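One letter stands for each residue in the lines below.
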Amino acid sequence: MKSSIGLNNILQFILFVALQILLMDNLVLYSMGFCYIYVAFLLFLPININRLQLLFLGFLVGFTVDVFYDTMGIHAAASVLLAFLRPHLLNLLTPRDGYDISDSVNIHIMGKGWFLSYTSTLLLIHHAAVFFLERISFDDILQTLLKIILSVLFTGVVVIILQLLFFSPKRTSRV
């Protein structure tokens, strides 16, 4: 059974894109660490979402950020890459008993180790795509790698804080 987009997901889309455009654009650590909070929208989508919907949403959220940042498709490309790889990573991280139909990406339900593996891997891929597409070369690769690492750490900490503050520690009732 494939999940569809609900009102909660639409509100998350609006919230994360608004936060990215209005707040996170001005929040930079030492001119090297950027927080791309809009990626949390893709990370927090239901586990069993339709792959075509996931790719479309990846494009939509990335394109929306590109329009406001004037980055000519860099965020759209990186978000589609994240959306494409997400189901494959979820398959690799599948718990021994599998995922429940009602499971969502939640640090309280899936565990800290699972959540950190899932989040850090996808953030690393997304941020590497953004910064290498931005540079379009491997010149000054050490500075680019430093940007990637600092941005992954910055975004990861914010994503974990969001999970701890706003996501319920209780699993929805099992059928």
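To keep things clear, this report deals only with the structure shown in the data block. (Residues numbered from 1 in each chain as written. Predicted model: local features only at pLDDT ≥ 70, side-chain atom pairs only at ≥ 80, totals over all residues. Heavy atoms only, no water.)

1. Here's the deal with the packing of helix α3 (residues 51-69) against helix α4 (residues 74-92)
Note the following rule: Axis definition: a line fit to C-alpha positions, over the contact stretch in the case of helices; interaxial angles, taken between N-to-C directions, run 0 to 180 degrees. Helical segments are the DSSP runs of H or I of at least four residues, strand segments are the runs of E of at least two, and each set is numbered from the N terminus. Comment on the angle field: the value is read as roughly parallel under 35 degrees, roughly antiparallel over 145, roughly perpendicular from 65 to 115, and oblique elsewhere. We call a crossing left-handed when the near helix sits turned anticlockwise from the far one by less than a right angle, and right-handed when that turn is clockwise. When checking whether two residues touch, look at their non-hydrogen atoms; a contact exists if any pair is within 4.5 Å.
Their axes nearest at 7 Å, the elements α3 and α4 cross at an angle of 150 degrees. Considered as vectors, α3 and α4 are oriented roughly antiparallel to each other. In terms of crossing hand, the pair formed by α3 and α4 is right-handed. Mapping the contact onto sequence places Arg51, Leu54, Leu55, Gly58, Phe59, Val61, Gly62, Phe63, Val65, Asp66 and Tyr69 in α3 and Ile74, His75, Ala76, Ser79, Val80, Ala83, Phe84, Arg86, Pro87, His88 and Asn91 in α4.

2. Remarks on the pattern of salt bridges
Condition: Salt bridges, as used here, are contacts in which a Lys or Arg side-chain nitrogen is within 4 Å of a carboxyl oxygen on Asp or Glu. We call a residue buried when its accessible area falls under 20% of the maximum for its residue type, exposed when it is over 50%, and partly exposed in between, using a 1.4 Å probe and counting protein chains only.
On inspection of all chains with the given rule, the structure shows 2 salt bridges. For glutamate 134, the salt bridge identified is with lysine 147, shortest N-O distance 3.6 Å. Placement of the pair is glutamate 134 in helix α6 (residues 112-135) and lysine 147 in helix α7 (residues 141-166), with a sequence separation of 13 residues. Glutamate 134 gets classed as partly exposed once you look at its relative accessible area, which sits at 43%. A salt bridge links aspartate 140 to arginine 135, with the nearest nitrogen and oxygen atoms 3.7 Å apart. Its relative accessible area of 38% is what places arginine 135 among the partly exposed residues.

3. As for the environment of serine 104
Among the structural elements, serine 104 can be located in the loop between α4 and α5 (107-110). Given the relative accessible area of 26%, serine 104 is considered partly exposed. Along the primary structure serine 104 and isoleucine 125 are separated by 21 residues, whereas in three dimensions their C-alpha atoms are 21 Å apart. Excluding residues that lie within four positions of it along the chain, serine 104 makes contacts with Ile47 and Met110.

4. As for a nonpolar patch on the surface
For clarity, the threshold we go by: Each patch is built from salt-bridge-free residues with over 30% relative accessible area, joining like charges within 9 Å and nonpolar side chains (Val, Leu, Ile, Met, Phe, Trp, Tyr) within 5 Å. All accessibility values rest on the Shrake-Rupley procedure with a 1.4 Å probe; residue burial counts only the protein chains present in the view.
A cluster of nonpolar side chains, contributed by Leu7, Ile10, Leu11 and Ile14, occupies part of the molecular surface with about 410 Å² of accessible area. You can see leucine 11 is positioned in helix α1 (residues 7-22).

5. Digging into the packing of aromatic side chains
Using the following cut-off: Each Phe, Tyr or Trp ring (for Trp, its six-membered ring) is paired with any other whose centre lies within 6.5 Å, and the angle between the two planes then decides the class: stacked below 30 degrees, edge-to-face above 60, tilted in between.
Enumeration according to the criterion identifies 8 aromatic pairs in this entry. Plain terms: the ring middles of phenylalanine 34 and tyrosine 36 are 6.3 Å apart, the flat faces sit at 10 degrees to each other, and that makes the pair stacked. Assessed through its relative accessible area of 22%, phenylalanine 34 is described here as partly exposed.

6. Considerations on the side chain of asparagine 106
To keep it simple, the criterion reads: Whenever a nitrogen or oxygen atom comes within 3.5 Å of another N or O atom, the pair is scored as a polar contact, on the condition that within protein one atom can donate a hydrogen and the other can accept it, and that pairs from neighbouring residues in sequence are kept only if both atoms are in side chains.
One can find asparagine 106 in the loop between α4 and α5. Judged by its relative accessible area of 3%, asparagine 106 falls in the buried class. In this structure the side chain of asparagine 106 is engaged in a polar contact, spanning 2.8 Å, whose partner is the backbone nitrogen of histidine 108. Apart from the residues lying within four places of it in its own chain, the contact partners of asparagine 106 are Gly111, Phe115, Gln163, Phe167 and Ser168.

7. So, the nonpolar core
Applied cut-off: As used in this record, nonpolar core signifies buried Ala, Val, Leu, Ile, Met, Phe, Trp, Tyr and Cys residues forming a set joined through side-chain atoms within 4.5 Å.
One finds Ile37, Phe41, Leu42, Leu43, Phe44 and Tyr118 to be the most contacted residues of the largest nonpolar core, which totals 49 residues. Of all the elements in the fold, those that place two or more residues in this core are α1, α2 (39-43), α3, α4, α5, α6 and α7. When residues in this core are grouped by element, the largest group, 9 residues, is from α6. Discounting residues that sit within four places of it in the chain, phenylalanine 44 has contacts with Gln12, Phe16, Val105, Phe115, Val159, Gln163 and Phe167.

Just distances and angles here, no functional claims.
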